[in-house]
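Letter by letter, the chains look like this.
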Amino acid sequence: MSDDSRLNTLNRASVDRIHQAKRDYENIATTLSDTIAKLARIVDTGSEGLKGQYVEPLKKDAQSIKDDLDKASVRYHDAATEIGIYIPELEEAKTETAAAKSAEESATGEVGSAKGKPDGVKGADGTLSPEEQQKDTDKQRAVDEANAKLTAAKNKLTAALDALDVAGKRLGDNVSARRYDDGLTDTWKDKVNAFFKQISKIFAIIGMVLAVLCLIFPGVNLLILGTVVAGVITLVADSVLLANGEGSVMDVVLGAVGLGLAGIGAAISLFGKGLANSARTLNNLTGGMNRIPGRPPRLNLENGWNGRPIQLDNLGPGANGGGRNVSVTQQLGPGDFHVPNNAVTGWQNTSDWFNLPGINGLLGRMGQITPEIGFWQSFLIQGRGALGMWGNLFRNPGQFARDWSGVIGGLDGFRNLNNVMNAVGGSLSPAWFAFGGFNAVFTFGSGLIYNGGRLEEWIPDVN
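S.K.: Describe the overall build of the chain, naming the residues involved and giving the relevant values.
M.R.: For the chain, the helix and strand inventory stands at 13 helices and zero strands. Ordered by position from N to C terminus, the α and β elements of the chain give α-α-α-α-α-α-α-α-α-α-α-α-α. Contacts spanning at least 24 positions in sequence make up 70% of the contacts within the chain whose residues lie at least 6 apart. Surface accessibility of the chain: about 27,100 Å² in total, with carbon and sulfur atoms responsible for 58%.

This is the structure in structure tokens:
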């Protein structure tokens, strides 16, 4: 750094403010010493009005606090002492640099004056007379003397600034955290913990926002994917903090349970889609046969029905063993044939956040069902479905509650899946409704109330 830059820094330094800093450190050190003395009395004699069964535990806590305050007190005392040593050096540097700067300005003026002296003038014959030579000699001597003064002034300024630099370095070294092995200085581990605390806080807030959106618009794959990603990052951060002795056991437990519920919901969704896929396959194989009470079986025939009755007759010898003829006749009219239009024939597998090509095998064989509708198109379909579900809130509250709890439980396209199962004579287990409700309650309880309370610091750490 140049002398000019150092001088500017010195000129900005306020001796009064440094005196005030010294007084502040001294006051803090005095306060710590008084507190330490009181804690010492508690530790040594149990005084300060302590009585009863809690005296011994409090004495142990007091000892721990006293030890920490002892270490802090040493630092504040040292800082006040070193600042007291530095202040006179700073004041001297200000005085010396001011004098050197004044001498430099004076010498600069003398150099100008010396250079302005007249030079010797040559005569007609081109030579200098002794008088004119003396003028040159006097001018050069004046310039040399002025330059010497200027150099001395600059050297004095540099020396004063160098001395202040030495004093400042000594002050910094003497109060540096490297001199104290007292556990009060942030280490690289403390900085790592601070980083992960910030990450945990940020993604806990993101998770809370997404949890609210998932409760309002359940079953939307993009929102669910966001909550899972935020949950994974938060769990990793909380786990690192817990391993470093800074985190909360409850944060890690609830984070793991939340991700576990998401995994269960994914497995249930895949299992349900597997059932729907099997139902559709069965529907195609049987031609969509459905028995309606009081009517004969209906077959799913394609175009080409020619209106003639079908007779299933004389299955031939040996059909039932022993060479007997068996005759079965069933007359069906044209009205008994139709192409059923039900949820099984129209069902399509939409893509969940976990049900994508390339990763379908991660959750088991059911995951091998390749989605027929891609991720982003599914997102639009699911979004419309979530909005449409709210239409039943006042028209059919019971149906809304069942649909809402089912979708919250991880069953993407829950109502369509339920229709598929009904079309083939089946139904979804009520346990899936219970799971959906529990998952929603847990999301609300841990994802919103607990995380919100932790961020507001009215729920303490549980270690």
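Continuing now.
S.K.: An account of the pattern of salt bridges is requested, with residue identities and associated values reported.
M.R.: Tallied over the full model, the rule gives twelve salt bridges. For Glu26, the salt bridge identified is with Lys22, shortest N-O distance 2.5 Å. You can see Glu26 and its partner Lys22 sitting in helix α2 (residues 15–45), four residues apart, about one turn around the helix. The salt bridge partner of Lys101 is Glu104, with a shortest N-O separation of 3.8 Å. You can see Lys101 and its partner Glu104 sitting in helix α3 (residues 55–115), three residues apart, about one turn around the helix.

S.K.: An account of the environment of Thr31 is needed here, citing residue identities and associated values.
M.R.: Turning to its location among the elements, Thr31 is positioned in helix α2. A sequence separation of 42 residues divides Thr31 from Ser73, and the C-alpha atoms of the two residues are 8.8 Å apart. Within the structure, the side chain of Thr31 is placed 2.9 Å from the backbone oxygen of Asn27, a separation counted as a polar contact.

S.K.: Which residues make up the packing of aromatic side chains, and what are the values?
M.R.: With the rule as written, the count across this model stands at five aromatic pairs. Residues Trp376 and Phe379 carry aromatic rings whose centres are separated by 6.2 Å and whose planes lie at 85° to one another, so their mutual orientation is edge-to-face. Of this pair, Trp376 and Phe379 are both found in helix α9 (residues 375–389), three residues apart, which corresponds to roughly one turn of the helix. Given the relative accessible area of 56%, Trp376 is considered exposed. Aromatic pair Trp390 and Phe400: ring centres 5.0 Å apart, planes at 50°, arrangement tilted. In this pair, Trp390 sits in the loop between α9 and α10 (392–395) while Phe400 sits in helix α11 (residues 397–408), placing the two residues ten residues apart along the sequence. Its relative accessible area of 10% is what places Phe400 among the buried residues. Put simply, the rings of Phe375, Trp376 and Phe379 touch in pairs and so form one group of aromatic residues.

S.K.: Outline the nonpolar core, listing residues and values.
M.R.: Grouped together as the largest cluster of nonpolar side chains are 14 residues, with contacts concentrated most on Leu10, Tyr86, Leu90, Leu157 and Leu164. At the level of secondary structure, the elements contributing two or more residues to this core comprise α1 (3–12), α3 and α4 (130–174). Among the elements that take part in this core, α3 stands out by supplying six residues, more than any other.

Definitions and limits used
- Residues numbered from 1 in each chain as written.
- Predicted model: local features only at pLDDT ≥ 70, side-chain atom pairs only at ≥ 80, totals over all residues.
- Heavy atoms only, no water.
- Helix = DSSP H or I, 4+ residues; strand = E, 2+ residues; numbered from the N terminus.
- Contact = heavy atoms within 4.5 Å.
- Areas by Shrake-Rupley, 256 points an atom, 1.4 Å probe, with all protein chains shown as cover.
- Salt bridge = Lys/Arg side-chain N within 4 Å of Asp/Glu carboxyl O.
- Polar contact = N/O pair within 3.5 Å; in protein donor to acceptor, adjacent residues only side chain to side chain.
- Phe/Tyr/Trp six-rings, centres within 6.5 Å; stacked < 30°, edge-to-face > 60°.
- Buried < 20%, exposed > 50% of the residue type's maximum accessible area, 1.4 Å probe, protein only.
- Core = buried A, V, L, I, M, F, W, Y, C linked by side-chain atoms within 4.5 Å.

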